[in-house]
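What the coordinates show
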Amino acid sequence: MKRARTAAWIKGVVAIVVSAVVFLVPFVFVVLQASKNPADASNLTFSLPTQWQFFKNLGDVLATNNGIIWRAFVNSAVLTVCSVAIMVVLAAMVGYVLSRKVTRLNPVINFFVLAGLIVPPAVVPTIWLLQGVGLFKTMPGMILIEATFGLSFCILLFRAFVGTIPRELDEAAVLDGAGAIRLFFGVVLPLLRPVIVTVIVVQSVAVFNDFAGPLYFLPGDENATVQQTLYEFQGQNLSFYNLLFMDILLITIPPLVAYIFFNRQIVAGLTSGAVKG
Amino acid sequence: MATTNLAPTALSAGVSTGSKAPRPGTKMKSFYPSWFFIPAVALYVIFFAVPTFASFYFSLTRWDLFESTFIGIGNFVEFFQDPQLLNGFIHTFEYGFATSAAKVILGFFLAVILTSPVVARGYIRAVIFFPVLISTIGVGIMFKSLLDPFHGIVNGVLGVFHLPQPGWFTDPNLALASIAAVDVWKGVGIATLIFMAGIVAIPSEYFEAAKMDGASSWKIIRTITIPLTRPATATVIILSLIGGLRSFDLIWATTGGGPGFTSDVIASVIYKEYQAGFFGLSTAGNVILFIVVTAIMVPLSSFLNRKAVEL
């Protein structure tokens, strides 16, 4: 017994060290880079800064380019909040009816939901369409695009979860005089809270981190999202690696906060489907 | 883990949903209005289906967004005749399959370790998973510095041991493999979590019985864990392949498809042709990517899910 425990300890220590080296060292590097002066940082070496100027760099990043990063954070926040809100409501409505009512339409809809998950969006035709309806390079257009691309994943989660809510509840609500809309928005939707939280967190992180979407459909400095600012720092200020890494650090904070508070929901959302086919 | 209650597999749920529940009384049907579909369907049709169908036409044209001239299959001919574009086509498969295979194997063994009694399990799980949540572009920039041929820490450590110090992203033979490795670093956390959820769901009696009978831990893994985590394996393969075949962000942030065109994939070719103003050619790339992804995913997911049902 004692030997087994020692073995477990050794295994554990090895696992801790390896995971720290492989996964934490890169993040330590980001913090170190973000604290250096420009000359130090452009060396790209893994070393302590000769002079610590973390807060100076922070101030510089926030002031760069007339504070583009502030604008970018606002843009990203608006994009994330709006698109995820649309996604959640629309996908919940579809998942709910899809799970409750079995009709000949269901296989067709299921097919298109899966297609939405698998098929890569056609880039230039989407730009062409956005231009046609006057939404290219606009925030509303980008919001609708993100909402559309996220629908399939959300519908799958909602459909699975609605199946676990007893139908007797619906019948009771109907007997009490609820109509279709009251039944869904007043009775079922509140019961979906766990899966709604999961969907919100997972999709918020996805939209917040999306790079290719805004790159194609929302070009322009005034529309930049946080991911685009990275690109800007990398493209123009090659001699300011310290600011680039400070920017990385800044845009990592929102997902980090989400992870700390919603760890369990994120895991639930990403691993649904692991257990039974 | 409280993960098991969101049951069905993303990609197999379509087969099984709803059939088990008792048929609702016909009078309830009117309380599940079909118009609930309309807003979502409208978004889907306008912003996803229309562009997808339009792409089939525009891929056959020379196009500047305002006027399109029909040129038949010229774009596709160009795609497969230009060695650089053809390279991108081949790299897409290499990248997709390599990252997917690595994530399945690594994820599985990490999950086996993390579901056994190890010290600091929670910490290790958190550390492995965190890269999943951070910006892909940020990860790309970070690794570009860490893998810098002259100053990066990785080559620094290799130098200490007198090992070769390759130019990870600058050597044409290594660039794509290096990006794939970073991709695995970033994505293995999801695979691990999915496998962990699958392993935790196996009734512990199976393991106990096998241990009673004196099975070695390797035999337990082979005869119990691997077969019974098949749904998890299917999910990991499908998710990582969908992601890998469409991969763009990480490649763009690290090498931009270079040096030369040695780490281009279809998705980066689409972007380059778009930037260069060859919209028809870019859209042809999209159609090719569409065909590649569906040609692989549809048979594969039905195969994997059938196997899962048979068990």
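Structure: above.
Overview of the structure. Predicted model, so just to flag it, every value in this text is computed and none were measured.

1. Quick look at the overall build of chain A
In terms of regular secondary structure, chain A is built from twelve helices and zero strands. In sequence order, chain A lays out its α and β elements as α-α-α-α-α-α-α-α-α-α-α-α. Over its C-alpha atoms, taken along the principal directions, chain A stretches across nearly 75 × 70 × 35 Å. The buried share of chain A, reckoned over its 277 residues, is 55%. For chain A, the proportion of contacts with a sequence separation of at least 24, taken over those separated by at least 6, is 72%. Counting every atom, chain A has about 11800 Å² of accessible surface; 70% of that belongs to carbon and sulfur. Here chain A contributes 17 positive and 12 negative side-chain charges, whose respective centroids are spaced 15 Å apart.

2. What to know about the overall build of chain B
Assigned secondary structure in chain B consists of 14 helices and two strands. For chain B, the residues scored as buried account for 52% of the 311 residues in total. Of the contacts made within chain B by residues no fewer than 6 positions apart, 66% connect residues no fewer than 24 positions apart. Counting every atom, chain B has about 13800 Å² of accessible surface; 68% of that belongs to carbon and sulfur.

3. What about empty space enclosed by the protein?
One pass over the full model with this rule turns up two cavities of 30 Å³ or more. Taken together, A:Val119, A:Pro120, A:Ala122, B:Thr52, B:Ser55, B:Phe56, B:Asn286, B:Val287 and B:Phe290 make up the lining of the second largest cavity. If you list the elements that add at least two residues to the lining of the second largest cavity, you get helix 2 (38-58) and helix 14 (279-310) of chain B.

4. A closer look at the interface of chain A and chain B
Contacts between chain A and chain B engage 111 residues on the former and 104 residues on the latter. Across the chain A to chain B interface the summed buried area is about 9600 Å²; carbon plus sulfur atoms make up 76%. At the surface where chain A touches chain B, the tally comes to zero salt bridges. Along the contact surface separating chain A from chain B lie twelve residue pairs in polar contact (both at pLDDT 80 or more). Looking at the side of chain A that touches chain B element by element, the count peaks at 17 residues for helix 12 (residues 241-271) of chain A. Counted by class, the side of chain A that touches chain B contains 79 nonpolar, 23 polar and nine charged residues.

5. Thoughts on the packing of aromatic side chains
For the coordinates displayed, the defined rule picks out 43 aromatic pairs over all chains. Ring centres of A:Trp128 and B:Trp63 lie 6.4 Å apart, and the angle between their planes is 70 degrees; this geometry places the pair in the edge-to-face category. Of this pair, A:Trp128 sits in helix 5 (residues 123-132) while B:Trp63 sits in strand 1 (residues 61-63), on two different chains. Among the residues examined, B:Trp63 registers a relative accessible area of 4% and is labelled buried.

6. As for a nonpolar patch on the surface
Taken together, the side chains of A:Trp9, A:Ile10, A:Val13, A:Val14, A:Val17, A:Val18, A:Val21 and A:Val22 present a nonpolar region at the surface, about 720 Å² in accessible area. Topologically, A:Trp9 is positioned in helix 1 (residues 2-35).

7. A word on the side chain of A:Asp170
As for its placement among the helices and strands, A:Asp170 is situated in helix 7 (residues 167-175). There is a polar contact of 2.7 Å between the side chain of A:Asp170 and the side chain of A:Arg100. Reaching out from A:Asp170, the side chain makes a polar contact with the side chain of B:Tyr32 at a distance of 2.5 Å. With residues near it in sequence (within four places) discarded, A:Asp170 still touches A:Tyr96, A:Arg100, A:Leu183, A:Val188, B:Met28 and B:Tyr32.

8. As for the nonpolar core
Core analysis: the largest hydrophobic core is formed by 167 residues, its most contacted members being A:Tyr96, A:Phe158, A:Leu192 and B:Phe143. For this core, the element with the most residues is helix 3 (residues 54-100) of chain A, which contributes 15 residues. Apart from the residues lying within four places of it in its own chain, the contact partners of A:Tyr96 are A:Val162, A:Asp170, A:Leu183, A:Phe184, A:Val188, B:Phe31, B:Tyr32 and B:Phe36.

9. Description of unusual backbone geometry
Residue and element names in this part refer to chain B. Here Leu65, not a glycine, exhibits a phi torsion of approximately 80 degrees, which is positive. You can see Leu65 is positioned in the loop between strand 1 and strand 2 (68-70). What makes Leu65 buried here is its relative accessible area of 13%. A positive phi angle, near 55 degrees, is found at His162, a position not held by glycine. In this structure, His162 sits in the loop between helix 7 (153-160) and helix 8 (175-200).

10. Quick look at the state of the cysteines
Under the definition given, this model contains zero disulfides over all chains. With no disulfide partner, A:Cys154 has as its closest neighbouring cysteine sulfur the one in A:Cys82, 15 Å distant.

11. Observations concerning helix 4 (residues 105-118) of chain A
An α-helix turns once every 3.6 residues. As a result, residues three or four positions apart point the same way. End to end, helix 4 of chain A covers 20 Å across 14 residues, agreeing with the expected 20 Å (1.5 Å per residue, within 8%). For helix 4 of chain A, the set of buried residues is A:Asn106, A:Ile109, A:Asn110, A:Val113, A:Ala115, A:Gly116, A:Leu117 and A:Ile118.

12. Points about the pattern of salt bridges
All names here are of chain A. Counting across every chain of the model gives four salt bridges over all chains. The salt bridge partner of Lys56 is Asp60, with a shortest N-O separation of 3.1 Å. Residue Lys56 and its partner Asp60 are located together in helix 3, separated by four residues, close to a single helical turn. Look at Asp60 and you get partly exposed, because its relative accessible area is 30%. Arg100 is the partner of Asp170 in a salt bridge, and the nearest nitrogen-oxygen pair spans 2.7 Å. Residue Asp170 is found in helix 7, and its partner Arg100 is found in helix 3; the two are separated by 70 residues along the sequence. What makes Asp170 buried here is its relative accessible area of 0%. For Arg100, a relative accessible area of 2% translates into the label buried.

Reading the values: rules and limits
- Residues numbered from 1 in each chain as written.
- Chains lettered and ligands numbered in written order.
- Predicted model: local features only at pLDDT ≥ 70, side-chain atom pairs only at ≥ 80, totals over all residues.
- Heavy atoms only, no water.
- Helix = DSSP H or I, 4+ residues; strand = E, 2+ residues; numbered from the N terminus.
- Buried < 20%, exposed > 50% of the residue type's maximum accessible area, 1.4 Å probe, protein only.
- Contact = heavy atoms within 4.5 Å.
- Areas by Shrake-Rupley, 256 points an atom, 1.4 Å probe, with all protein chains shown as cover.
- Lys, Arg positive; Asp, Glu negative; His and termini not counted.
- Charge placed at Lys NZ, Arg CZ, Asp CG, Glu CD.
- 1 Å grid on protein atoms, 1.4 Å probe; cavity = no way out; pocket = protein on both sides within 12 Å on 5 of 7 lines; lining within 4 Å.
- Points joined across faces, edges and corners; volume = space filled by probe spheres on them.
- Buried area = accessible area lost by both parts, 1.4 Å probe.
- Salt bridge = Lys/Arg side-chain N within 4 Å of Asp/Glu carboxyl O.
- Polar contact = N/O pair within 3.5 Å; in protein donor to acceptor, adjacent residues only side chain to side chain.
- Nonpolar A, V, L, I, M, F, W, Y, C, P; charged D, E, K, R; others polar.
- Phe/Tyr/Trp six-rings, centres within 6.5 Å; stacked < 30°, edge-to-face > 60°.
- Patch = residues over 30% accessible without salt bridge, like charges linked within 9 Å, V, L, I, M, F, W, Y side chains within 5 Å.
- Core = buried A, V, L, I, M, F, W, Y, C linked by side-chain atoms within 4.5 Å.
- Disulfide = S-S within 2.5 Å.
- Expected span 1.5 Å × (residues − 1).

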